[in-house]
Amino acid sequence: MKKRLLAVILILVMSLSACSLPLNKLGKDENNENSKDDGKNENIEVGEADLNALLGYDAEKLLNTEEVKDFEDIDIEANVKPYDVPKDSKSIGGFDQGEYTGEYNAKIMKNLEDNGFFIDYEKSQQPFGIYETNQYIGHNNFITTDSIVHLYHIIYLGMMEDMEQNSLKQKLIALSKNCLDNTLSDYKEAKGEEKDLTLRNAALFLCAVDLLEAKYDGEVPSEVRDLADKELENIKAEGNAVSNITGNEIDYSQFKVRGNYTKNENLKKYFKVNMLYSQELVHLENPDKSINLEAVKQAMLISRSMLKDEESFKLWQDIYKPISFLVENTEDTTPIDIYKSISKLTKDNSLEAILEKNVVNAVADDIANKEDPKIKPDSGKVFAFLPQRAVVDNTWLQKLVDTDPQSKRPVVSGVDLMALLGNSLAERLTLTNEDNLKWDKFKEKYEETKAMVDARTDKEEKANIYRTWLWVLKAFNNEYGEGYPDFMRSEKWQYKDLNTALASWAQLKHDTILYAKQFGAECGGDEPMDMRHYVEPNVNLYRRVKYLVGLTMDADEKYSLLNDEQKARLKDFDNMLEFLIKVSIEELKDETTSDEDNERLKVIGGEMENIFIAFNKDESGEEFEIPPVDRDTANVADLQKIGPNVVDKPEGSFLEVGSGRFSTIYVVYRLNGKYYLGSGSVMNYYEFYSDHRLDNNEFKEMLPIYDEGEKDKIEPFFKKELFTNKVESLY
């Protein structure tokens, strides 16, 4: 089989909403309603004027709310007449008689007769490579949904990457320096126990400045320098240790740079500083659930370092808000929450005033009344300067983990998520899995969680880009009946769709690995005139991705995220989706596509490559010297650390999900009474345990491409269910 290659890098930035308050101008009295789960759970209800008075500047300007655009799936009347795949491969246009011989040829024909398609396991690096190859050698293209969702992942990642290593990194530098200035000022003024708290807080911001390798011109006391150096040693060691800043134990392995952040030094620095600000958690509750007043004071002083001046407040918001729309809100306590509480008691923002006993107690009372976290609830309520986000799928999956020390279900599966999202095959696999049923509460917990997922409103389901991506994946839940092409009506096709959904989800987890709070316990060549191409006719999937592209365009209009070339290519992608919708509907009406449309399907690999190139630049913004099809975009994300259990799951290991390599699907379809064999790309989904957190390069080494003598160290998740050829691995 041919090898197709490529690579990717990316990231999106979107916009808005979440933890930034709708702070109104001084003198205005405008209340805002809280929404339980609609992506805006940090709105201020009352007290905007109080907060403005406390801060001494107009804190308004924040919490722009976005309306969720209307969308409805359309009912498709499919009228493709049933057909039987010819038993003689010579009757199928595009079947290469010389490529498959003997026993394997017979195996292929059996798969085509039974299911109308087969998949050869491969490790190609980019999906458009096969379409360009087909164009050159005169083979039919079968355009897959896999190619489309992968292309959005490239756009999302590319946009995000540009934002992070440019504007957000610079804002982090400025914010960290400002907060260090403010905290050192407080350190000089503080007395008693507050002296120690401000010392540790100053060390936090000095660590950030050092990790960013930013020049700081201020004078740093030696004791602050010493404490920061000790904490930097913890970060460098990447083990388990007690924080010098918060006094709590931290799993510093989370500071290992992963995801796309290994690409260059700017992204590595950005990753580590965000991890610092999200993992240096101040635990606000004692083991008995009472409020820890010393911890509350530390959180108040950290918050003061940011809210002391308007510039720092704006920088914090400019960093926080885009990620809220791109990923999710936080469920942890933020500096904004702390100062909303302070403002109820005092309008004096001096160090002495905010640390008055009655003010501290009022803040503690508000924390006590705050809802317990959904992710790692046993850890209690915590504060972070820039906390990780409670992405909805992690809150759901947390409920399916048995957190007892004698756990009978210490680790989840991606299949659980697709079951919760309504995929019937995934639900059957989940509810009949013997490992799951070892936990006697599993079915009960599953049903409770499923009811919660099903009860979400449209507004809650599409409140941000992350949630909308999950919503798009629900378009893979279809069970195709009469009127659809025969190849789509088998259980094996349901496995193919489930595999695609999980692979796309793995890309989402990879793209947001820094922010998601973890749960646990060119064109050329001629082709014969009778070649006809085909689009996988999942109309509502393409329409949902088009909706997602529309949100991306809206975010660019609001936040100026894209350059002119990227704007043009995003419009090209939108046009491509409209074209695929049109062709899919024609196919389902059993109509033959026009010669003009057939020609566009022939060269669609070039269109995909042009979009890819616009979002896959090197650090300087220039194109890589490596050709697009040779860029390896394999990606991996660790989802949870496996806790103690009695079901032989490897305690201390990590659940990893991976994607970004592609196999080839061969499908028989009928157009105008003739049979054709078309080929396209299918994503590979991997789910496995690792004894350490993996980065992308380590994952790629587990799936060697060029060394033909070296076997893979992992297998595709649906090895038995999907692949016709033998999958070689060390297992």
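Our subject is the structure listed above.
In this text the structure is predicted, and so the values were computed from the model without any measurement.

What counts, and where the lines are drawn
Residues numbered from 1 in each chain as written. Predicted model: local features only at pLDDT ≥ 70, side-chain atom pairs only at ≥ 80, totals over all residues. Heavy atoms only, no water. Helix = DSSP H or I, 4+ residues; strand = E, 2+ residues; numbered from the N terminus. Buried < 20%, exposed > 50% of the residue type's maximum accessible area, 1.4 Å probe, protein only. Areas by Shrake-Rupley, 256 points an atom, 1.4 Å probe, with all protein chains shown as cover. Patch = residues over 30% accessible without salt bridge, like charges linked within 9 Å, V, L, I, M, F, W, Y side chains within 5 Å. Salt bridge = Lys/Arg side-chain N within 4 Å of Asp/Glu carboxyl O. Lys, Arg positive; Asp, Glu negative; His and termini not counted. Charge placed at Lys NZ, Arg CZ, Asp CG, Glu CD. Polar contact = N/O pair within 3.5 Å; in protein donor to acceptor, adjacent residues only side chain to side chain. Pairing = 2+ DSSP bridges. Axes fitted to C-alpha atoms, helices over the stretch in contact; angles between N-to-C directions. Contact = heavy atoms within 4.5 Å. Phe/Tyr/Trp six-rings, centres within 6.5 Å; stacked < 30°, edge-to-face > 60°. Lys NZ or Arg CZ within 6 Å of the ring centre and 35° of its normal. Expected span 1.5 Å × (residues − 1). Core = buried A, V, L, I, M, F, W, Y, C linked by side-chain atoms within 4.5 Å. Parallel < 35°, antiparallel > 145°, perpendicular 65-115°, else oblique. Nonpolar A, V, L, I, M, F, W, Y, C, P; charged D, E, K, R; others polar.

Asks: Any chance you could break down the overall build of the protein for me, citing the residues and the numbers?
Replies: Helix and strand counts for the protein stand at 26 helices and 13 strands. For the protein, with 731 residues in total, the buried portion stands at 62%. Surface exposure of the protein reaches about 27,500 Å², of which carbon and sulfur atoms provide 45%.

Asks: Could you give me a rundown of a negative patch on the surface, with the residues and numbers involved?
Replies: Where like charges cluster on the molecular surface, the negative patch consists of Glu189, Asp348, Glu352 and Glu356. Within the fold, Asp348 resides in the loop between helix 10 (335–342) and helix 11 (351–354).

Asks: Just give me the short version of the environment of Glu448, but keep the residues and values in it.
Replies: Following the sequence through the fold, Glu448 ends up in helix 17 (residues 442–454). On the accessibility criterion, Glu448 (45% relative accessible area) is partly exposed. Distance from Glu448 to Leu400, taken between C-alpha atoms, is 9.9 Å for residues 48 residues apart in sequence.

Asks: Mind laying out the side chain of Glu328, listing which residues take part and the relevant values?
Replies: One can find Glu328 in the loop between helix 9 (310–326) and helix 10. The buried category is assigned to Glu328, whose relative accessible area is 2%. Reaching out from Glu328, the side chain makes a polar contact with the side chain of Arg467 at a distance of 2.7 Å.

Asks: Which residues make up the sheet that holds strand 13 (residues 686–690), and what values go with them?
Replies: Two modes of strand pairing occur in sheets, parallel and antiparallel, and in both the strands are linked by backbone hydrogen bonds. Read across the sheet, three strands follow the order 9-10-13 without closing on themselves; strand pairing throughout is antiparallel. Here the strands that pair on one side only, and so sit at the sheet edges, are strand 9 (635–641) and strand 13. The sheet shows a mean angle of 25 degrees between the axes of neighbouring strands, direction not considered. The pairing of strand 9 with strand 10 (residues 654–659) spans six bridges and is classified as antiparallel. Residue pairing in the sheet places Val636 in a bridge with Gly658 of strand 10. Relative to the sheet, helix 20 (residues 491–511) contacts strand 9 and strand 10, its axis offset from that of strand 9 by approximately 80 degrees.

Asks: Go over the pattern of salt bridges, please, and point to the residues and values.
Replies: Counted by the stated rule, this structure contains 55 salt bridges. Note that Arg200 and Glu294 form a salt bridge whose closest N and O atoms lie 3.3 Å from each other. Of this pair, Arg200 sits in helix 5 (residues 193–211) while Glu294 sits in helix 8 (residues 293–307); the two residues are 94 residues apart in sequence, bridging distant segments of the chain. With relative accessibility at 40%, the residue Glu294 sits in the partly exposed group. Each of Asp251, Arg258, Asp638, Lys641 and Arg693 takes part in a single network of salt bridges with overlapping partners.

Asks: Give a description of helix 3 (residues 128–137) that names residues and reports values.
Replies: Across the 10 residues of helix 3, seven count as buried, placing the element largely inside the fold. Residues Phe128, Gly129, Ile130, Tyr131, Glu132, Asn134 and Gln135 constitute the buried set of helix 3. Of the residues trailing helix 3, Gly138 is marked for its positive phi of about 80 degrees.

Asks: Residues and numbers for the packing of aromatic side chains, please.
Replies: This structure, assessed with the given rule, holds 33 aromatic pairs. Each residue in the set Phe117, Phe142, Phe487, Trp493, Tyr534, Tyr669 and Tyr676 is aromatic and connected to the rest through ring pairs, giving one cluster. Arg389 extends its terminal NZ or CZ atom over the ring of Tyr320, reaching a point 3.7 Å from the ring centre. A cation over an aromatic ring shows up here: Lys492 above the ring of Phe117, its NZ or CZ 5.7 Å from the ring centre.

Asks: Residue-level account of helix 8, with values.
Replies: Between its first and last C-alpha, helix 8 extends 20 Å over 15 residues, near the 21 Å set by a 1.5 Å rise per residue. For helix 8, the tally of buried residues reaches 13 of 15 residues, placing the bulk of the element in the interior. At the N-terminal end of helix 8, a side-chain oxygen is found 3.1 Å from the backbone nitrogen of Glu294, two or three residues along, and the residue is Asn292.

Asks: Break down unusual backbone geometry for me, citing the residues and quoting the values.
Replies: One non-glycine residue, Lys376, adopts positive backbone phi at about 50 degrees. Residue position: Lys376 is located in the loop between helix 12 (357–368) and strand 7 (382–383). Judged by its relative accessible area of 36%, Lys376 falls in the partly exposed class. The phi dihedral of Asp648 falls on the positive side, at around 65 degrees, and the residue is not glycine.

Asks: With reference to specific residues and values, describe the nonpolar core.
Replies: Tyr277, Phe385, Phe487, Trp505, Phe573 and Leu580 are the most contacted members of the largest nonpolar core, which totals 215 residues. Not counting chain neighbours up to four residues away, the residues in contact with Phe573 comprise Ile148, Leu151, Tyr152, Ile155, Val545, Val549 and Ile611.

Asks: Give me the lowdown on the packing of helix 8 against helix 10, citing residues and values where you can.
Replies: Packing of helix 8 against helix 10 brings their axes to within 9 Å, and their N-to-C directions diverge by 100 degrees. Taken together, helix 8 and helix 10 sit at an angle that is classed as roughly perpendicular. Facing helix 8, whose interface residues are Ala299, Met300, Ser303, Arg304, Met306 and Leu307, helix 10 presents Pro335, Ile336, Ile338, Tyr339 and Ile342. Each residue belonging to the contact of helix 8 with helix 10 can be placed in one class, and the counts come to nine nonpolar, one polar and one charged.

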